[in-house]
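Secondary and tertiary structure notes
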Amino acid sequence: MGIKLLAVSLPLLVISIAVISTAADEKGEPLITKTCGGTEFPDVCTSALESDPRSSSADVKGLSRIALEFSATKAKEAAGVAYKLMQNSSDYGDWSKRTTCFDGYNFTADRIKGEGLQYFEEGKYEKSHQPVNLLTDDIKFCTSFGVPQLVETNTMLSRFTSVVKTILHLLF
Ligand SMILES: *[C@@H]1O[C@H](CO)[C@@H](O)[C@H](O)[C@H]1NC(C)=O
Ligand SMILES: *[C@@H]1O[C@H](CO)[C@@H](O)[C@H](O)[C@H]1NC(C)=O
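Throughout what follows, the structure given in this document is the object of discussion. Just so it is clear, the structure is predicted and the values come from calculations on it, not from any experiment.

Parameters at a glance
- Residues numbered from 1 in each chain as written.
- Chains lettered and ligands numbered in written order.
- Predicted model: local features only at pLDDT ≥ 70, side-chain atom pairs only at ≥ 80, totals over all residues.
- Heavy atoms only, no water.
- Helix = DSSP H or I, 4+ residues; strand = E, 2+ residues; numbered from the N terminus.
- Contact = heavy atoms within 4.5 Å.
- Areas by Shrake-Rupley, 256 points an atom, 1.4 Å probe, with all protein chains shown as cover.
- Core = buried A, V, L, I, M, F, W, Y, C linked by side-chain atoms within 4.5 Å.
- Buried < 20%, exposed > 50% of the residue type's maximum accessible area, 1.4 Å probe, protein only.
- Arc of directions from axis to C-beta.
- Salt bridge = Lys/Arg side-chain N within 4 Å of Asp/Glu carboxyl O.
- Lys, Arg positive; Asp, Glu negative; His and termini not counted.
- Polar contact = N/O pair within 3.5 Å; in protein donor to acceptor, adjacent residues only side chain to side chain.
- Phe/Tyr/Trp six-rings, centres within 6.5 Å; stacked < 30°, edge-to-face > 60°.

Let's talk about the overall build of the protein chain
The helix and strand tally for the protein chain stands at eight helices and zero strands. Counting helices and strands in the order they occur from the N terminus, the protein chain gives α-α-α-α-α-α-α-α. The long-range share in the protein chain, meaning contacts at least 24 apart out of those at least 6 apart in sequence, stands at 68%. When the accessible area of the protein chain is evaluated, it comes to approximately 9900 Å², of which 60% is carbon and sulfur surface.

Remarks on the nonpolar core
In this structure, Leu49, Leu68, Tyr105, Leu135 and Leu150 are the most contacted members of the largest nonpolar core, which totals 36 residues. The set of elements that each furnish at least two residues to this core consists of helix H2 (28-37), helix H3 (42-50), helix H4 (60-87), helix H5 (92-121), helix H7 (130-144) and helix H8 (151-169). Ranked by residues supplied to this core, first place goes to H4 with eleven residues. Dropping the residues within four chain positions of it, leucine 135 is found in contact with Ser71, Ala75, Tyr105, Thr108, Ile112, Leu157 and Thr161.

Details of the environment of proline 42
Position of proline 42 relative to the elements: it lies in helix H3. Along the primary structure proline 42 and valine 163 are separated by 121 residues, whereas in three dimensions their C-alpha atoms are 8.0 Å apart.

Looking at H3
The α-helix winds at 3.6 residues per turn, so residues separated by three or four positions along the chain end up facing the same way. Within H3, burial applies to Val44, Cys45, Ala48 and Leu49. Around the axis of H3, the buried residues are gathered within 120 degrees of arc, so they sit on the same side. Looking at the packing, one finds that the buried side of H3 touches H2, H4 and H8.

Describing the pattern of salt bridges
All told, the structure shown has nine salt bridges when counted by the stated rule. As a salt-bridge pair, glutamate 121 and arginine 65 come within 2.4 Å of each other at their nearest N and O atoms. Of the two residues, glutamate 121 sits in helix H5 while arginine 65 sits in helix H4, which places them 56 residues apart along the sequence. Looking at arginine 65, the relative accessible area reads 24%, which means it is partly exposed. A salt bridge links lysine 124 to glutamate 122; its shortest N-O distance comes to 3.2 Å. The exposure class assigned to glutamate 122 is partly exposed, which follows from its relative accessible area of 42%.

Brief notes about the side chain of lysine 165
As for its position among the elements, lysine 165 is in helix H8. The charged side chain of lysine 165 is buried without a salt bridge, its nearest counter-charge being aspartate 137 at 6.8 Å. Side-chain polar atoms of lysine 165 contact the side chain of threonine 136, separated by 2.8 Å. Apart from the residues lying within four places of it in its own chain, the contact partners of lysine 165 are His129, Val132, Asn133 and Thr136.

Things to note about the packing of aromatic side chains
Evaluation of the coordinates by the stated rule reveals five aromatic pairs. A ring pair is formed by tyrosine 92 and tryptophan 95, whose centres lie 5.7 Å apart and whose planes are at 35 degrees; its orientation type is tilted. A residue pair is termed a helical-turn pair when its members lie 3 or 4 positions apart in one helix, as tyrosine 92 and tryptophan 95 do in helix H5 at three residues. Pairing phenylalanine 120 with tyrosine 125 gives two aromatic rings, centres 5.0 Å apart and planes at 65 degrees, and the pair type is edge-to-face. Phenylalanine 120 gets classed as buried once you look at its relative accessible area, which sits at 1%. With relative accessibility at 16%, the residue tyrosine 125 sits in the buried group.

Structure, rendered in structure tokens:
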């Protein structure tokens, strides 16, 4: 009877070990799909992560790093859009709103790339999250000015930021 039990439980044991190690080593597309599925904008998340070639072999930590870098890249892009508008302002009111949007995005992008990534490398994930929170504030502030030419940029940036925050939260 003891032998029979062993014969039954051994394959089960082998199967459970296989399942556990798959979960721990999960990488690439299945991990991206799973990770992005837990965010508010899975499509935005998937296209962002997949645009980086490193994502195909990244684990959760790797994907979080890519997402964090991506939020800085997107903030810089938004700063670029605001900068062009700023240079082409016809009155002080417009110039002032566009400059505020530009300054916020430009400054916060550098903070994410600087202290954000540094904290991330040190394993201080919660702290690395802080400059991303700043970006959320910048977006809210810029959006409150109602600059029509920045509506789309702000909407996209706000979606990316939401995704990045959710993914970073997986680490702490
Ligand atoms: C600059 O602003 C004017 C309106 O003030 C607009 O017609 C023009 O398309 C703008 N140019 C650029 C490059 O944004
Ligand atoms: C963007 O920010 C960096 C530092 O945060 C600053 O050195 C640079 O001058 C800013 N760019 C512009 C055009 O203001």
